[in-house]
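# Topology and contacts: notes
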Amino acid sequence: MISLAITCVQLMPHYALNLVQNQARPLSHATAFIGAWYRWRKRRICHQTNLELNMSTPSHPYFSIIIVGAGPTSLTMGNLLGTFGIDVLILERKAGLSDLPKAIALDDEGLRICQAMDLSHAVIENILLDIDAHYISGKHYLAKVSPTSKRNGYPLISTFHQPEFEATLHHGLKRFPCVSILFQHAVETFEQSDSGVILTVSTPEGIFKTFACSYLLACDGAKSAIRRQLGISMRGLTFSQKWLVIDTINDDDPSTVATFFCNPDRPAVTVPAPHASRRWEFMLLPGEKEEDLLRDQKIRTLIQQLGGSPDIQISRRLIYTFHASLAQTFSKGRVFLLGDAAHLMPPFSGQGMSSGLRDAHNLSWKLQMVLQSQASPILLDTYSQERHEHVAQMIWLSKFLGKIIMPTFKPAALLRDGVFLTLNTIPSIREYLTEARLKPQPRYKKGFVLFDGTKESKAIAGIMLPQSEVKTPEGKMTLLDNILGTGFALLRLHDNPEEAFVSLKANIWQHLGVRFVSIENETDIFPLNQRDLFILVRPDRFIYGVFREEHADAFAATFRKHLLHLIHTQK
Ligand SMILES: Cc1cc2nc3c(=O)[nH]c(=O)nc-3n(C[C@H](O)[C@H](O)[C@H](O)COP(=O)(O)OP(=O)(O)OC[C@H]3O[C@@H](n4cnc5c(N)ncnc54)[C@H](O)[C@@H]3O)c2cc1C
């Protein structure tokens, strides 16, 4: 465990300064009538935008953000926007949350996002932390993944139950009076203009209602009707493979190893899950019928073949078709696609849901800054630019792992075995596999990142700031993000916290409430470890840019310009 001594945490006063004029115009058919409903909402503790005055009518109740769907992506977004005090309405077609056995693996970045929602403790209560993954072919280990690094402050692989996770997120929303959720409300259609979006929603009473918002977030899953209405196509659909997915309870195997059986006769996976439960997944072979595979006896036989008990208690069973595809773009006008609505990938890298969580983390603070007039709406364009490339990498990883696990053609499986057995004899490659370095670390090469040509900016701008445990001046140990707060933070390695930031004169730091954090001792987790370097970290913990004292004013001016006009800063 690495510990830092944080010797100064200075919270600059936050001014809700309007850095930009809100460029939105009122909807042509909306009036400024303020109805009883609107007055009720106004009493809630929310930040309101000036659009609300123009768009809210008794027939179009207004919210800054409307989210379609109440899956994990939407619930994450609701919690993050709630933290920022943004008024949000979530509309879900079903009567409650999903009870399907979908995601099982949560990565370290996902847990870090739970921390940003202040829900990591509640989530960790119900997960199995620190899982290894073994890839086996016959009697041979193709790879033993057992990562030791905690780059983001959490183990790289943990397992969880998606329904339980969603329930925790849903419960988290109750902390925010400005976030509401309506079940049995299906979005039927929407219309967007320069100034907002109007939605038509069917209700449990069988009538249609309209709602208005500044931005519409489509978290409506793989079959997203909103994506279709926007005319955004899905690309790269490479395979669709059916798998039988089984959850069992009262599992007495204490091991914390997920095993991928790369067996050409029947590729299969078993994953330990929290509360003595377990996930089993079996690939369907050509010609097999779904109804045969779903029979109790067949499931028990398959589980027994993997070493499980035939008397195991089955809690859920389903046949899923795994897809890989990516929306051409993640936004159009005032509508944004997030989660499965924007991307689908086979579950072999456990990145489907985590990618949706990252989408929400990326977009939430940008929406907050735009809605609170701290940044130009052009900032929102960087959401698609930044997330698209990273999701493409995760799809690549998921497909690559699928290619290792799924071959049923025996010569291909033999060739794979030979390659992996050889690679495992090379210590550096074995370590690469063990530490799960195959998974690309997120790095934004374009978007809201400043590459100013210096070697320091080339080295670290756009990467996610690693997170370690730190010691506060009061001697308390905590994770770094808990110190950084929810907004931008400026970091510096310095012995004297009183002096670390005195040279910074630009008032943008105060205007945006940027938190100044001085770190006393050098550590391998802190990027670059140079004492004269300032590191500006975004609210989603990605490094915006770096500068030295002599360039502080120029950097601040560029940052301000970037927020207001989004200048070209790509690598
Ligand atoms: C078998 C399996 C295993 C998986 N394993 C993993 C894993 O280990 N790790 C991982 O990270 N991911 C995994 N995934 C992927 C993960 O489950 C999904 O990526 C995740 O559920 C997507 O969440 P979402 O919120 O984007 O969409 P969804 O969970 O699909 O939610 C969309 C919601 O929108 C609602 N909706 C749709 N249309 C409308 C409308 N018009 N109006 C109102 N509501 C609407 C739907 O009812 C639904 O509730 C797995 C998936 C499967 C199938």
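To keep things clear, this report deals only with the structure shown in the data block. (Residues numbered from 1 in each chain as written. Predicted model: local features only at pLDDT ≥ 70, side-chain atom pairs only at ≥ 80, totals over all residues.)

### Considerations on the overall build of the chain
Helix and strand content of the chain: 17 helices and 27 strands. Taking all 571 residues of the chain together, 46% fall into the buried category. Here the contacts in the chain between residues at least 6 apart in sequence split such that 75% fall between residues at least 24 apart. (Helix = DSSP H or I, 4+ residues; strand = E, 2+ residues; numbered from the N terminus. Buried ≥ 20, exposed ≤ 12 C-beta atoms within 10 Å, placed from the backbone. Contact = placed C-beta atoms within 7 Å.)

### Focus: the nonpolar core
Counting residues in each nonpolar core, the largest one holds 151 residues, and the members touching the most others are Ile-65, Ile-66, Leu-217, Ala-218 and Leu-338. Non-local contacts of Leu-338, meaning those with residues more than four positions away in its chain, are made with Thr-73, Met-77, Leu-217, Ala-218, Cys-219, Gly-356, Asp-359, Ala-360 and Leu-363. (Core = buried A, V, L, I, M, F, W, Y, C linked by C-beta atoms within 7 Å.)

### A closer look at unusual backbone geometry
One non-glycine residue with positive phi stands out, namely Asp-130, at about 65°. With respect to the element layout, Asp-130 can be found in the loop between α5 (120-124) and β5 (132-137). We classify Asp-130 as partly exposed; it has 16 C-beta atoms within 10 Å. At Ser-373, a position not held by glycine, the phi torsion is positive, near 55°.

### Notes on the site of the ligand
Taken together, 34 residues form the shell around the ligand, and within it Gly-69, Gly-71, Gly-221, Gly-339 and Gly-352 come nearest. For the shell around the ligand, the elements supplying multiple residues, two or more each, are α3 (72-83), β9 (186-192) and α10 (352-371). Looking at the shell around the ligand, the element that brings in the most residues is α10, giving 4 residues. Of the residues in the shell around the ligand, the class split is 15 nonpolar, 13 polar and 6 charged. (Near = placed C-beta within 6 Å. Nonpolar A, V, L, I, M, F, W, Y, C, P; charged D, E, K, R; others polar.)

### Quick notes on the sheet that holds strand β17 (residues 313-323)
The sheet built from 7 strands is open, its strands ordered β6-β5-β14-β15-β16-β13-β17 with mixed pairing. Two strands bound the open sheet, and with one partner strand each, they are β6 (140-145) and β17. If you compare each strand with its neighbour and ignore which way they point, the axes differ by 15° on average. Across 3 bridges, strand β14 (residues 257-261) lies against strand β15 (residues 268-273) in antiparallel orientation. For Phe-260, the partnering residue across the bridge sits in β15 and is Val-269. (Pairing = 2+ DSSP bridges. Axes fitted to C-alpha atoms, helices over the stretch in contact; angles between N-to-C directions.)

### Overview of the pairing of strand β3 (residues 88-91)
What you see with β3 is no split at all: Val-88 and Ile-90 on one side and Leu-89 and Leu-91 on the other are buried throughout. In this sheet, β3 lies alongside strand β2 (residues 62-68) in parallel orientation, the contact comprising 4 bridges. Each bridged residue has a counterpart across the sheet, and for Ile-67 the counterpart in β3 is Ile-90. As for the winding sense of the linkage, the β-α-β connection from β2 through α3 to β3 is right-handed. (Right-handed = clockwise from strand over helix to strand, strands pointing away.)

### Digging into the environment of Thr-558
Turning to its location among the elements, Thr-558 is positioned in helix α17 (residues 552-565). The exposure class of Thr-558 is partly exposed, given the 17 C-beta atoms found within 10 Å. Note: C-alpha distance between Thr-558 and Asp-452 (106 residues apart in sequence) is 9.9 Å.

### Section: the packing of α10 against helix α11 (residues 381-405)
Packed helix pairs are characterised by how far apart their axes lie and by the angle those axes make with each other. Contact pair α10 / α11: the axes reach a minimum separation of 10 Å and the direction vectors enclose 165°. With respect to each other, α10 and α11 are oriented roughly antiparallel. Handedness of the α10/α11 crossing: right-handed. Across from Ser-355, Arg-358, Asp-359, Asn-362, Leu-363 and Lys-366 in α10, the residues of α11 making contact are Thr-382, Tyr-383, Glu-386, Arg-387, Val-391 and Met-394. Taken together, the residues that form the contact of α10 with α11 break down as 4 nonpolar, 3 polar and 5 charged. (Parallel < 35°, antiparallel > 145°, perpendicular 65-115°, else oblique. Left-handed = near helix turned anticlockwise from the far one by under 90°.)

### As for the environment of Arg-279
Checked against the element boundaries, Arg-279 lands in strand β16 (residues 277-283). Given 23 C-beta atoms within a 10 Å radius, Arg-279 is considered buried. Between the C-alpha atom of Arg-279 and that of Ile-249, which follows or precedes it by 30 residues, the distance is 9.1 Å. Look past the residues within four positions of Arg-279 in its chain and what remains in contact with it is Ile-104, Asp-247, Thr-270, Val-271 and Ala-273.

### A closer look at helix α4 (residues 108-116)
Here α4 lies mainly inside the structure; 9 of its 9 residues are buried. Just downstream of α4 lies Asp-118, where phi reads positive at about 60°.

### Side note on the sheet that holds strand β12 (residues 234-235)
Read across the open sheet, the 3 strands follow the order β12-β18-β21; overall the sheet is antiparallel. The open sheet has two edge strands with one neighbour each: β12 and β21 (343-344). One ladder, built from 2 bridges, connects strand β18 (residues 325-327) with β21; its direction is antiparallel. Across the sheet, the residue bridging to Ser-325 is Leu-344, located in β21.

### Thoughts on the environment of Leu-173
Tracing the chain through its elements places Leu-173 in helix α6 (residues 162-173). With 96 residues separating them along the chain, Leu-173 and Met-77 place their C-alpha atoms 9.9 Å apart. The residues contacting Leu-173, other than those within four sequence positions of it, are Leu-75, Gly-78, Asn-79, Gly-82, Val-179 and Ile-181.

### What to know about the packing of α3 against α6
Relative orientation of the contacting elements α3 and α6 amounts to 25°, with a least axis distance of 9 Å. It follows from the interaxial angle that α3 and α6 lie roughly parallel. Crossing of α3 against α6: the hand is left-handed. Here α3 contributes Pro-72, Leu-75, Thr-76, Gly-78, Asn-79 and Gly-82 to the contact with α6, which in turn contributes Gln-162, Phe-165, Glu-166, Leu-169, His-170, Gly-172 and Leu-173. Per-class residue counts for the contact of α3 with α6 are 5 nonpolar, 7 polar and 1 charged.

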